[in-house]
Amino acid sequence: MILYTSMPQEFIFPPGENTFDSTKMITWNGIPLMVQQCEQGYRVMRVMSSDPSHYLTPECEPGQYINNQ
């Protein structure tokens, strides 16, 4: 099937609900993060803060593994 549209694929074919089952919001050292639970603890998906200095913290870059205290 070919669709000629300017809409992103995510709007036409949304992901299933079980895709986000392991994703949750936590606060780590005062920084709100969206994380995915893994065997090593949590893997950072997104930094959800409005403080620009939080984006410069190397420990909470997307893809890093952290432990929630």
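For the structure given in this document, a descriptive report is provided here. (Residues numbered from 1 in each chain as written. Predicted model: local features only at pLDDT ≥ 70, side-chain atom pairs only at ≥ 80, totals over all residues. Heavy atoms only, no water.)

**Re the overall build of the chain**
Across its full length, the chain carries 1 helix and 4 strands. Traced from its N-terminal end to its C-terminal end, the chain shows the element sequence α-β-β-β-β. Sequence-distant contacts in the chain: of pairs separated by 6 or more residues, those separated by 24 or more amount to 27%. Carbon and sulfur atoms form 53% of the exposed surface of the chain, whose accessible area is close to 5500 Å². (Helix = DSSP H or I, 4+ residues; strand = E, 2+ residues; numbered from the N terminus. Contact = heavy atoms within 4.5 Å. Areas by Shrake-Rupley, 256 points an atom, 1.4 Å probe, with all protein chains shown as cover.)

**Notes on unusual backbone geometry**
We note that Asn-29 has phi near 50°; this positive angle belongs to a residue other than glycine. With respect to the element layout, Asn-29 can be found in the loop between β1 (23–28) and β2 (31–38).

**Some words on the nonpolar core**
Generally speaking, a soluble globular protein has its nonpolar side chains buried in company with each other. By size, the foremost hydrophobic cluster in this structure holds 10 residues: Ile-26, Trp-28, Ile-31, Leu-33, Val-35, Tyr-42, Val-44, Val-47, Cys-60 and Ile-66. Of all the secondary structure elements, the ones that give two or more residues to this core are β1, β2 and β3 (41–47). (Core = buried A, V, L, I, M, F, W, Y, C linked by side-chain atoms within 4.5 Å. Buried < 20%, exposed > 50% of the residue type's maximum accessible area, 1.4 Å probe, protein only.)

**Points about the sheet that holds β1**
Strands sit in the order β1-β2-β3-β4 across an open sheet of 4 strands; the sheet is antiparallel. Only two strands of the sheet have a single neighbouring strand rather than two, namely β1 and β4 (65–66). Strand direction decides the pairing type here: β3 and β4, joined by 2 bridges, are antiparallel. Bridge pairing in β4 places Arg-43 opposite Tyr-65. (Pairing = 2+ DSSP bridges.)

**Points about a nonpolar patch on the surface**
Taken together, the side chains of Met-1, Leu-3, Met-7, Phe-11, Ile-12 and Phe-13 define a hydrophobic patch exposed on the protein surface, amounting to about 690 Å² of accessible area. Inspection of the secondary structure puts Ile-12 in helix α1 (residues 9–12). Classification of Ile-12 as partly exposed rests on a relative accessible area of 30%. (Patch = residues over 30% accessible without salt bridge, like charges linked within 9 Å, V, L, I, M, F, W, Y side chains within 5 Å. Salt bridge = Lys/Arg side-chain N within 4 Å of Asp/Glu carboxyl O.)

**Section: the pairing of β2**
Sheet analysis places β1 next to β2, joined by 6 bridges and oriented antiparallel. By the bridge assignment for β2, Ile-26 is matched with Leu-33. Between the antiparallel neighbours β1 and β2 lie 2 residues, among them Asn-29 with a positive phi of about 50°. The sheet contact formed by β2 and β3 spans 6 bridges and is antiparallel. Pairing of Cys-38 across the sheet is with Gly-41, part of β3.

Scope: geometric values only; no functional claims are made or implied.
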